[in-house]
Each structure stands twice: as structure tokens, then as C-alpha cells.
Amino acid sequence: MTGTQQEVHYNRARLSLREAVHRYTARLRMAERAMASPNTVAWKAAMQRHVETLTNTLTKLEQRVIRIAAFGLVSRGKSAVLNALLNRPVLQTGPLHGVTQFPHTVRWTAVDSDKVQVELIDTPGLDEIDGEARADLARQIAQQADLILFIVAGDITRTEYKALQELRTAHKPLILVFNKIDLYPDYDRQVILRQLQKWATLDQAAAPVTLRDIVLVSADPAPIPVRIELPDGTVRYEHETPSPQITALRQAILDLLNREGRSLLALNALRQAREVERTIAHQTLDHWEQEADQVIWRFARTKALVVALNPIAGLDIVGGLFSDLAMIRALAKLYGLPITRHQAGALLKTILGSAGGLLLSELGSGLLLGMGKSAAAVGTALDSAAGIAAYAGTAIAQASLAGWGAYRVGQATKRYLEQGCTWGPQGADTVLHELLHQLNPDTTLNRLRQDILATIAPEAPASSFPSGALRESSSNPA
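What comes next is a walk through the structure.

Definitions and cut-offs
Residues numbered from 1 in each chain as written. Predicted model: local features only at pLDDT ≥ 70, side-chain atom pairs only at ≥ 80, totals over all residues. Heavy atoms only, no water. Core = buried A, V, L, I, M, F, W, Y, C linked by side-chain atoms within 4.5 Å. Buried < 20%, exposed > 50% of the residue type's maximum accessible area, 1.4 Å probe, protein only. Helix = DSSP H or I, 4+ residues; strand = E, 2+ residues; numbered from the N terminus. Contact = heavy atoms within 4.5 Å. Phe/Tyr/Trp six-rings, centres within 6.5 Å; stacked < 30°, edge-to-face > 60°. Lys NZ or Arg CZ within 6 Å of the ring centre and 35° of its normal. Pairing = 2+ DSSP bridges. Salt bridge = Lys/Arg side-chain N within 4 Å of Asp/Glu carboxyl O. Axes fitted to C-alpha atoms, helices over the stretch in contact; angles between N-to-C directions.

1. Observations regarding the nonpolar core
- Counting 83 residues, the largest nonpolar core has L85, L149, L249 and I253 as the members making the most contacts within it.
- A per-element tally of this core places helix 7 (residues 247–309) first, with 19 residues.
- Residues contacting L249, with those up to four places away along its chain left out, are V81, L85, L149, I175, V177, V215 and V217.
- Within the second largest apolar cluster, 26 residues are counted, among which are F71, A170, F178 and I214.

2. A word on helix 12 (residues 428–436)
- Buried residues dominate helix 12, accounting for 8 of its 9 residues.
- Regarding helix 12, the residues found buried are A428, D429, T430, V431, L432, H433, L435 and L436.

3. Re the side chain of T444
- With respect to the secondary-structure elements, T444 resides in helix 13 (residues 444–456).
- If we ignore the near neighbours within four places in the chain, the residues touching T444 are P173, R212, L256, R259 and E260.

4. Considerations on the side chain of K44
- Position of K44 among the secondary structure elements: in helix 2 (residues 38–62).
- On the accessibility criterion, K44 (11% relative accessible area) is buried.
- Once residues lying within four places of it in the same chain are set aside, the contact partners of K44 are L28, A31 and E32.

5. Section: helix 3 (residues 78–86)
- The element helix 3 is largely enclosed, with a buried count of 9 among its 9 residues.
- Of the residues flanking the end of helix 3, it is N87, one or two places downstream, whose phi is positive at about 65 degrees.

6. Regarding the packing of aromatic side chains
- Applying the stated rule across the entire model yields 2 aromatic pairs.
- Stacked on the ring of Y24, the Lys or Arg R23 has its end atom at 5.0 Å from the ring centre.
- Of note, R64 hangs over the ring of Y10, and the distance from its end group to the ring centre comes to 4.1 Å.

7. Focus on the pairing of strand 3 (residues 117–122)
- Within strand 3, 5 of the 6 residues are buried, leaving the element largely enclosed by the surrounding structure.
- When strand 1 (residues 65–72) meets strand 3, the two strands line up parallel, connected through 6 bridges. Looking at the pairing, R67 lines up with E119 of strand 3.
- Here strand 2 (residues 104–108) runs beside strand 3; their pairing, made up of 5 bridges, is antiparallel. Across the sheet, residue W108 finds its bridge partner in strand 3, namely V118.

8. Looking at the pattern of salt bridges
- Applying the stated criterion to the full structure yields 18 salt bridges.
- Where E7 meets R64, a salt bridge forms, and the shortest distance between an N and an O atom there is 2.7 Å. Remark: R64 occurs in the loop between helix 2 and strand 1 and E7 occurs in helix 1 (residues 3–33); sequence separation between them is 57 residues.
- Its relative accessible area of 18% is what places R64 among the buried residues.
- Put simply, R236 and E238 hold a salt bridge, and the shortest N to O gap is 2.8 Å.
- By sharing partners, the salt bridges in this structure join R274, E275, R278 and D429 into a single network.

9. Focus: the pairing of strand 1
- Across the 8 residues of strand 1, 7 count as buried, placing the element largely inside the fold.
- In the sheet, strand 1 pairs with strand 4 (residues 147–152) via 5 bridges, with the strands oriented parallel. Paired with A69 across the bridge in strand 4 is I148.

10. Focus: the sheet that holds strand 2
- Strands sit in the order 2-3-1-4-5-6 across an open sheet of 6 strands; the sheet is mixed. This sheet does not close on itself; its edge strands, each paired only once, are strand 2 and strand 6 (214–216). Neighbour-to-neighbour, the strand axes of this sheet turn through a mean angle of 25 degrees, independent of strand direction.
- Contacts from helix 5 (residues 158–168) reach strand 1, strand 4 and strand 5 (174–178) within the one sheet, and its direction differs from that of strand 4 by about 175 degrees.

Shown next, in the form of C-alpha cells:
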């Protein structure tokens, strides 16, 4: 991937996150000026935490910090591998199990700081912490990381395989590091290498692992005896420690960062922002649910009344559409995501187009009923009793249809707002889809593309509004 493409990806992600931070910060300020209640205070506190998370994600992106996390079981040499990459003994190592008790982050200065900065994260052994606590720790660090190193020291065990599969659910680029190769003859190394590739590709649902993703290293070689012959003819043996064999891993990391580092930063920042925005939207919906339903029913009644009382065919439909636009803007304002009249119109147009013809049939039926109502109004002047009865019957039918349509539009709008406007032009979902479909075929990220897309949404809408929203919100209004 060219540097220009990476920079485009990076700038698109940065703009998306800046807009998100600005939007939710403004919403929080509006909430601070509102009347406080125990429920609102809890919501504002949660909102503050989410805004801080978004701000931290944006800061990491703007500082171009890539995090590389090393995972593995105890005694596999995670700390030794990172020390070898750093070319200095920063992280504690030792013969005892469990030297690393908590995650430890170190800046790696060997990378070109003009493009990206790199932080290496050392983690406790995955078999040191039992059960869900271990899974939670691994999951949290993996979500924060941009690249994962999984360290083994020979043929993979069942515990390692399970841990590896759990880490791969994060859908991050992963390098399988075969450490301590100095302990194996060449033939045994090749056998283990083939076995590692076999184990790593057993999960058919995950992105395939190639030999390029498996790197052989010896981070802390064992001392070897060296024969020394003295001038007087005597011979003695001393033990010398060879230099670490880490060049292959260092080069694999640097190649990946140079080839797609900024795109990797952009994608991971967008994924993290998307999850935060979804959480904000769900909590906001829960907080304002009752008020939102009251807004929807109020506009549904207003639309039904406007349509029923207007005797001119076509004008009643236009009046109903204006009522829908006003409802969309009222709901957006309630949720703290105000939109312009133009944006409300575009959203309504998308709602109508994504309804599978249901709301469009409402417009058609409403127009026919409106024409019948107009004819009935004319008939009223000729035959008072019959005309009034015909007008009333047609008006009630058209009003019911209009009210039902308003309810559907309201529910679809709630669904849009529930997604935190992430499908907007600069929304995280929209930009994320764009970037994923622009990846070059030969990149590591491209092999993860389908896995990432599957975690984003069941469908990728062609417009800025999810096409399944109306189908999902079509519950009985009663």
C-alpha cells in the first residue's frame, strides 16, 4: 500500500473521530445545562467516560502510536523477545514462572518516528490467570493493540491453541513467533514450523495464516561451550552466550508497519470509536425512550389530523411529509444529535427507499384516498348526508394510514439514532467500510477484511442509513 493511500486512510479516520468527539462533547455540555435528576446524573457520568475514551482514541491516532502486544504462556520468552527487539534489557526476565505480573508498556525507538511511533506491551502468561479473568485481560489488551505477537517455544499445546483462537477473534494482524529455536536441530525446527502452520489454520472462519506470519527467533540463546586452547597446549572450556536471533522478527514488523501501518492505525481507531458510539447511543436511547415515544405519538396524531382535515388531494400528503420531517428533527434534538432540515429530508428519503415499498405504498394509497376524499368533499355540496359520510370514511382511513406511517418513520429514525449516526458521511461505520474496500490485495489487513466486515454489521448499506432499519423496527405500535 502506497504512502499516499495510507495518509488518505489516516486523515479520513482522524476527521471522523474529531467530529465524533465534537458532537458528543457538545451533547454533554447541553446535558450539563439541563435539570439534574438521579437518572440524568448517572447518564452524564457515563457519557463523560465515553467522551474521554473517544478523546484518548483520537489522541493515540493523532500521535500515530501503534501498540504491539506480546502474548503467550509462561516461560515462552515474551519479555526476552521484546528485550531483544529493544536491544536492551528493559523488561525483567528470569528462570522462575510468572516474572511478568502485569502489563508493561515500553516505547520502541527503532521505528521511523516521522511515520508512526511504536509501543511494545508485555503481558502476564496466559496460563497464570484462571478462567474469565484471563480471558478478560487478554481481550482488553488485544482490543487496545494494533498488532499481536503470539510467542511459542515449540509445538503448540492445547492451551496455547485455545488462547490463540481467542486472540484471533480480535481480528488484528497477528505474527506467530517461534522462540528458542536454538534448542532444536534444523530438521526438528522445520517439523515444528509445519505443525505450527497447521495448528494456526485449523479455524476455517479466521483469516488464513501463511508462512510469512510465522517467524523463527532465539531471543535469549542458551550459553554454549567453547573450546579454548591455551599457548601451553592446555585446553579449557568456557560458556559463551550467542547474540539473539531477532532480525527476522524485527524486519517482519518494520515491513508491516511501513507497508500498512497508518492504515492499520486508522482502522483500529475507527473500530474502537464505533464501539464507543454504539454504547453511547444505546444508553441515550434507554435514557430518553419514554420521551421519544411521546414525541412519535404526538407527531403521529398531528399528521393523522392534518391529513384527515385537508380536503385537497396531494396537499394532505405534502403536509404529512412536512410533519415527518419535523418529527425527525425533534427526535434528533431530543437525543442531542441535531440535524439540519436538508439532512432530515435526506434521511426521510432514505427511510422511504429502504422500506421495501411499505411506506411508498402508504404514499400511493394516501394519494388515492386523498383523491377520493376530494371527490367526497365536492359531493358534500351536492348531497350533504352522503357526502359527509363518504368524506368522513375516507378521511378516517387516510388518517389511520398516515398515523401508522408516521409511527414507522419515527421508529426508523430511532434506529438510526441508536447507531449513533455512525452511518453518516463522516460516521465510523461509513469511513470504516470505505477504507476496508480500498485495501490492496497483498496486504495483511486485506486478509482480515471479511472478518472485520462481519463484526461491523450484518449488511453494508449503499446509503448513509442502514437499509434493514425499518424491517427491524416494524413491531406492532400497540
